[in-house]
Structures are given as structure tokens and as C-alpha cells.
Amino acid sequence: MPNYRVLKHYEVDERESLIAQVTAEVANCILHIRLPRQSFIEEVYNGGVVDFRRDEPILGLYHLNHVYVLKGLSDIDLVRVVSHEYRHGWQVQSGEYWDSFKLREYDAGLFSRELASYLGHPSESQIAARLITAYGMRKPISLYVRDLILNKGAWKNGVNKYQFES
Ligand SMILES: [Zn+2]
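Residues numbered from 1 in each chain as written. Predicted model: local features only at pLDDT ≥ 70, side-chain atom pairs only at ≥ 80, totals over all residues.

**Some remarks on the overall build of the protein chain**
For the record, the criterion: Strands are runs of DSSP state E lasting at least two residues, helices are runs of H or I lasting at least four, and both sets are numbered from the N terminus onward. With the radius of gyration taken over C-alpha atoms, the globule rule is written as 2.2 Å times the number of residues to the power 0.38. Three exposure classes are used, all based on how many other C-beta atoms lie within 10 Å of a residue's own C-beta (placed from the backbone): buried at 20 or more, exposed at 12 or fewer, and partly exposed between those limits. A residue pair is marked as a contact if its C-beta atoms, positioned from the backbone, fall within 7 Å.
When helices and strands are tallied, the protein chain shows 5 helices and 5 strands. Element order for the protein chain, N to C, with α for helix and β for strand: β-α-β-β-β-β-α-α-α-α. A compact globule built from 166 residues should have a C-alpha radius of gyration of about 15 Å, and the protein chain, at 16 Å, falls within 12% of that. With the C-alpha coordinates of the protein chain rotated into their principal frame, the extents come out at 55 × 40 × 25 Å. In the protein chain, which comprises 166 residues, the proportion classed as buried is 26%. In the protein chain, once contacts between residues fewer than 6 apart in sequence are set aside, the share between residues at least 24 apart is 70%.

Here it is as C-alpha cells:
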């Protein structure tokens, strides 16, 4: 029975968090829901704080208009899991929350594939750029967010080329 802890803001990787936010916004071009809040979780092994417990390991969870996503996923899995969970949000908010668990999962899986197809079935190395493009067609995106999402890892090394710009 895996145990999970909800991460605090300062424990979350900024790039990961931005990708999840951008994915939510892009998915919401299709879903049109009141956007759930999002948090990252990690599995807890040896005691410590446990926020919830599941029967099976999970990558994400939708609960009470809050989306929880496992920390440390690849870009492509992150986008897949976030879009899947936001579809559960749509199911609840639109009243299409069928009794069948299988049906809800099938529908959420279908939606995450629909989003991948909307993004042009990108590979792992393309998906961040595709998300930025899809997002940018709706709203202007800040240079900071764009570069952080595109330059995987660069910010972790303390390189901040915008520190002298306003
Ligand atoms: Zn699901």
C-alpha cells in the first residue's frame, strides 16, 4: 500500500510545475472547466508524514477539485498524467461522472490521447516546445517561463540570464 506526501511549494521543481500549469491551460482550451488546483506528491517509504494512502501506486490523482501529480515524471508522462487528471475534473464539473470506474478511466485516457494528438504526437524531446506553441496561440507567454520550460536543467545550475533584465 503506497503512502504519499503532498509536497510544499518550495519542494517542487519549478520547471515541472510550469509544464503542469501550461498543460492544464492547453487542456482547458478543450475542457472549459474551473481549473483545479495542482500539487505534486511523492511516495513515502520509511515513516514520516503521510497525506494519503492508495491500494496501488499512482502517477496522479484528482480529488475535490485538486490535481495531484507524482514528482519526477518525464515530460511526456507529466503531460499525459496532468491531462488525464484534468479530464476527471471535467467529468465531475460537467456531471458526466459515470458510476463505472472503468468508463471514467477510459474517457480520461482517451482525452489525454486527444491532447497528444492536438499537440501533434510529439516525442519526449519535442513535447515542451509543442506545449509552448499551443499555449502561445492563446495567450502571450513570458520569456522566463518559455526559456525555463525549453531549457531543461539550465536553471538548476544557477544560470539566470534574466537577472539583469526587468
Ligand atoms: Zn484516472
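Alright, that's what it looks like, and here's the rest.
**Considerations on the nonpolar core**
Going by this rule: Only buried residues count toward a nonpolar core: Ala, Val, Leu, Ile, Met, Phe, Trp, Tyr and Cys, linked into one set through C-beta atoms within 7 Å.
Ile 19, Val 69, Leu 78, Val 82, Tyr 86 and Leu 131 are the most contacted members of the largest nonpolar core, which totals 27 residues. When contributions to this core are tallied by element, the ones reaching two or more residues are helix H1 (14-31), strand E5 (66-70), helix H2 (75-94), helix H3 (101-118), helix H4 (127-136) and helix H5 (143-150). Take this core: its biggest share by element is 7 residues, from H1. Residues contacting Leu 131, with those up to four places away along its chain left out, are Ile 19, Val 22, Thr 23, Val 26, Val 79 and Leu 119.

**Description of the sheet that holds strand E3 (residues 52-53)**
To keep it simple, the criterion reads: In this analysis, strands are considered paired if DSSP registers two or more bridges between them. Axis lines are fitted through C-alpha atoms, for helices just across the contact stretch, and the angle between N-to-C directions can take any value from 0 to 180 degrees.
Within the open sheet, the 5 strands sit side by side as E3-E1-E2-E5-E4. Their pairing is mixed. The strands lining the two open edges of the sheet, one partner per strand, are E3 and strand E4 (60-62). In the sheet, E4 pairs with E5 via 3 bridges, with the strands oriented antiparallel. Bridge pairing links Tyr 62 to Val 67 in E5. Strands in contact with H2 are E4 and E5; relative to E5, the strand with the most contacts, it is inclined by about 160°.

**Let's talk about the environment of Tyr 97**
The residue Tyr 97 is located in the loop between H2 and H3 in this model. According to the C-beta neighbour criterion, Tyr 97 is exposed, with 12 such atoms within 10 Å.

**Focus: the packing of H1 against H4**
Counted only if it meets this: Convention used here: angles under 35 degrees read as roughly parallel, angles over 145 as roughly antiparallel, angles from 65 to 115 as roughly perpendicular, and any remaining angle as oblique. Left-handed describes a crossing whose near helix is turned anticlockwise from the far helix through less than a right angle; right-handed describes the clockwise counterpart. Charged means Asp, Glu, Lys or Arg here, nonpolar means Ala, Val, Leu, Ile, Met, Phe, Trp, Tyr, Cys or Pro, and polar covers whatever is left, Gly included.
Where H1 contacts H4, the two axes come as close as 10 Å, and the packing angle between them is 45°. The pairing of H1 with H4 is recorded here as oblique in orientation. Note that H1 runs across H4; the crossing there is left-handed. Between H1 and H4, the residues in contact are Ile 19, Val 22, Thr 23, Glu 25 and Val 26 and Ala 128, Leu 131, Ala 134 and Tyr 135, respectively. Its residues assigned to classes, the contact of H1 with H4 comprises 7 nonpolar, 1 polar and 1 charged.

**So, the confidence of the model for the protein chain**
Where we set the bar: What pLDDT expresses is the predictor's confidence in each residue, scored from 0 to 100.
Here the protein chain averages 90 in pLDDT, while 91% of its residues score no lower than 70. Segment residues 155-166 is flagged for pLDDT under 50; beyond a separation of four residues in sequence, or across chains, it makes 6 contacts in the model.

**Describing the packing of H1 against H2**
Between H1 and H2, the shortest axis-to-axis distance is 9 Å and the interhelical angle comes to 45°. Here H1 lies oblique to H2, going by the angle between them. For the crossing formed where H1 meets H2, the hand is right-handed. Of the residues in H2, those touching H1 at Glu 16, Ile 19, Ala 20, Thr 23, Ala 24, Ala 27 and Leu 31 are Asp 75, Leu 78, Val 79, Val 82, Ser 83, Tyr 86, Arg 87 and Trp 90.

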